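Observations on the three-dimensional arrangement
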Amino acid sequence: MQVSHSRIETFKQCAYKFKLRYIDGLETYFNGDPANPLIVGTALHTGIEKDVKTAVAEYYANYPVATDQNIEEVIKLEAIIPKCKAVLPPGEYERKIECPEFIGYIDLLVEVEKGVYDLYDFKYSNNVKNYLQSGQLHEYKYFFERTTGEKIRDLYFMFAPKVAIRMKKTETPEDFRKRLRLELADKEPQLVKVDYDPNKVVEFLRSAKECRMATNFEKSPSRLCDWCDYKNFCETGDDLMVLPKNERKQNARANYKKIWLYGLPFSGKTYLANKFPNVLMLNTDGNVKYIDAPCVAIRDEVTVEGRMTKRVFAWDLFKDTISELEKKQNDFETIVVDLLEDTYEHCRLWCYDHLGIEHESDNSFKAWDFVRTEFLSTIKRLMNLDYNIIVISHEDSSKDITKKSGDKITAIKPNINDKVALKVAGMVDIVGRVINDDGNRTISFKTNEVIFGGGRLELKALDIPCEYDELVKVYESVKTVEAEPVRAARKPAAEPAKPAEPAEGANGYPETWDDAESDDNKVHYWKSSSGVYHVQAIGQTLDDIGVDPSNLVEVSEAEYKMALEAESAPVETATANPTETPRRTRRVRGA
């Protein structure tokens, strides 16, 4: 068995943990901690070896969304890495030591003369005393000299200072980061020389032999168990690191409704949302005249203290409210955001302040993505809460869409960035348009190329009265869509297998394509707005046929065959293999 310093340290700490990690190969989930020692330490090593930019990119790559805590860890890396590079001599990084019984990596190997080196190991820690008792450098010297025949002159630890201050309740993120940078400015890395001790090597070799001969891996409970990745598995048998049991679970979250309502001002959106149980309004426009629910005003808070004017951004207040709601220390059941587009604008202004810009175009490469990521990640936090979530938007009908024919038609959609709107629509169950037609208020769930809609649920009703009870009835009648609604979104394999030739009908057209190969083993028949019929064969996408999905309505096979037999409508068919010439392609113009 090939061992390393870290493996033997794990074995000495807890033999059972060693077994789970290195023998059973049981992996653990990343907990998302912005200060994860492995991720931050790896980024530090990368920065010393390469540069700060590469280190920061490597660090961020481990997290799907950057949080304030991530940014603060990056501030630390940006301050510490240049100082570490300044105290280290040039040399070879990540030098591998390997033999049948040992493997290790030297962080930095510096040649002082022919065949003689100094050895450096980097530690991102303030615990100098503990590391000086470690046998790691001694083991590296022993195995390096044994495997190469060259010599190690001196051993060094380079300790990068770790700053672990926390933000005070009275501080804004900007104030805290200023204090953090001041703290970092006073910190310097330490180079500590270690005298070689052969007894450390003897101790390691004994432990390695004991590890190789072990057959019974006992648990070693200690205070370190609280920081062990295997704690739940070890103590209670909770197996969070492998596949779950094959059992259906009751989804408690299905009881919480996630709805997006949009419409013209004063159409009744907020009045309807107020009818939900135990509502908390997060209001941005002050339109609470007919609302009796508790309300949090989402707006900038400006205070004047003497000659100092302090501003708390509305976006900070919005995020703080979500943080409080996450604690579930309240009896609210429904959270209403009114208006969603105002929160997006608050987010933009907050991001401008953080980036030191006046508009996204000032730093277009970074700013647009920063704003969108900050907004969507926060809205996702909101949607994940165990409450009914109602978001409200005004309707925007100021833009026209030009169709292929050249005709212009008015687009009806929420008053928010299109890309953001599509993402939010994917987070909610239902998107409804509230319409006030001379006092007759309705909710429309219709959606097409000019009317925005969406959501995760498939609706049976398209229009209902704008009343709470009617909305609940519709919500309860829907079913979760189990597959993507547009089957043509998937591309066929580069070289799909040629399907069997289907039997021909009386007109020389295929009677069935059931034997052909497809992702859903089904042929689809479509009719365009101009009256042309199309066949989407098994294994094809609508892109292969060359048609616009937004102008199509799926029809039955029977209707398609009737059109063929009567030859009263234009019809197009295509082969199931788009790489081949179609076996039958026919376009019949109607009389």
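One can find the structure itself at the top, above this paragraph.
Report on the accompanying structure.

**Here we look at the packing of helix 4 (residues 52–60) against helix 5 (residues 68–87)**
For the pair helix 4 and helix 5, the least separation of the axes is 10 Å and the interaxial angle reads 155°. By the criterion of interaxial angle, the relationship of helix 4 to helix 5 is roughly antiparallel. In this structure, helix 4 meets helix 5 at a crossing whose hand is right-handed. Residues Val52, Ala55, Val56, Tyr59 and Tyr60 of helix 4 form the contact with helix 5, whose own contacting residues are Asn70, Ile71, Glu73, Val74, Leu77, Glu78, Ile81 and Pro82. Across the contact of helix 4 with helix 5, the residue classes break down as ten nonpolar, one polar and two charged.

**Focus: the side chain of Lys257**
Structurally, the position occupied by Lys257 is in the loop between helix 10 (231–236) and strand 6 (258–263). Among residues more than four places away in sequence, those in contact with Lys257 are Phe276, Tyr387, Asn388, Ile389, Asp429, Tyr475 and Glu476.

**Describing the packing of helix 5 against helix 8 (residues 173–185)**
The contact between helix 5 and helix 8 brings their axes to 10 Å, and the two run at 20°. Between helix 5 and helix 8, the angle falls in the class roughly parallel. In terms of crossing hand, the pair formed by helix 5 and helix 8 is right-handed. Along the contact surface, helix 5 presents Asp68, Ile71, Glu72, Ile75, Lys76, Ala79, Ile80 and Lys83, while helix 8 presents Pro173, Phe176, Arg177, Leu180, Arg181, Leu184 and Ala185. Its residues assigned to classes, the contact of helix 5 with helix 8 comprises nine nonpolar, no polar and six charged.

**Concerning the packing of aromatic side chains**
The description of two aromatic rings rests on the distance between their centres and on the angle between their planes. Tallying each qualifying case throughout the model produces 21 aromatic pairs. On the numbers, 5.7 Å between centres and 85° between planes, the contact of Phe102 with Phe204 is edge-to-face. Taken together, the positions of Phe102 in strand 2 (residues 102–113) and Phe204 in helix 9 (residues 198–213) put the pair 102 residues apart, joining distant regions of the chain. Its relative accessible area of 4% is what places Phe204 among the buried residues. Ring centres of Tyr142 and Phe143 lie 4.9 Å apart, and the angle between their planes is 80°; on these two criteria the pair is classed as edge-to-face. The class of Tyr142 is partly exposed, set by a relative accessible area of 27%. Phe143 gets classed as buried once you look at its relative accessible area, which sits at 1%. Lying over the aromatic face of Tyr196, Lys141 brings its terminal NZ or CZ to 5.0 Å of the ring centre.

**With respect to unusual backbone geometry**
A cis amide bond, omega 20°, links Asp338 with the succeeding residue Leu339. You can see Leu339 is positioned in the loop between strand 11 (334–338) and helix 13 (340–355). Positive phi, normally seen in glycine, also occurs at Asn278, with a value near 45°. Within the secondary structure, Asn278 sits in the loop between helix 11 (269–273) and strand 7 (279–283). Although it is not a glycine, Asp438 sits at a positive phi angle of roughly 55°. Positionally, Asp438 belongs in the loop between strand 16 (430–437) and strand 17 (440–444).

**Some points on the nonpolar core**
Core analysis: the biggest nonpolar cluster contains 41 residues, and Trp260, Phe318, Ile335, Leu340, Phe375, Leu382 and Ile416 have the highest contact counts within it. Apart from the residues within four sequence positions on either side, Ile335 is in contact with Leu280, Leu282, Leu325, Leu382, Tyr387, Asn388, Ile389 and Ile390. Listed in part, the 29 residues of the second largest apolar core include Ile39, Val56, Cys84 and Leu108.

The rules behind these values
- Residues numbered from 1 in each chain as written.
- Predicted model: local features only at pLDDT ≥ 70, side-chain atom pairs only at ≥ 80, totals over all residues.
- Heavy atoms only, no water.
- Axes fitted to C-alpha atoms, helices over the stretch in contact; angles between N-to-C directions.
- Helix = DSSP H or I, 4+ residues; strand = E, 2+ residues; numbered from the N terminus.
- Parallel < 35°, antiparallel > 145°, perpendicular 65-115°, else oblique.
- Left-handed = near helix turned anticlockwise from the far one by under 90°.
- Contact = heavy atoms within 4.5 Å.
- Nonpolar A, V, L, I, M, F, W, Y, C, P; charged D, E, K, R; others polar.
- Phe/Tyr/Trp six-rings, centres within 6.5 Å; stacked < 30°, edge-to-face > 60°.
- Buried < 20%, exposed > 50% of the residue type's maximum accessible area, 1.4 Å probe, protein only.
- Lys NZ or Arg CZ within 6 Å of the ring centre and 35° of its normal.
- Core = buried A, V, L, I, M, F, W, Y, C linked by side-chain atoms within 4.5 Å.

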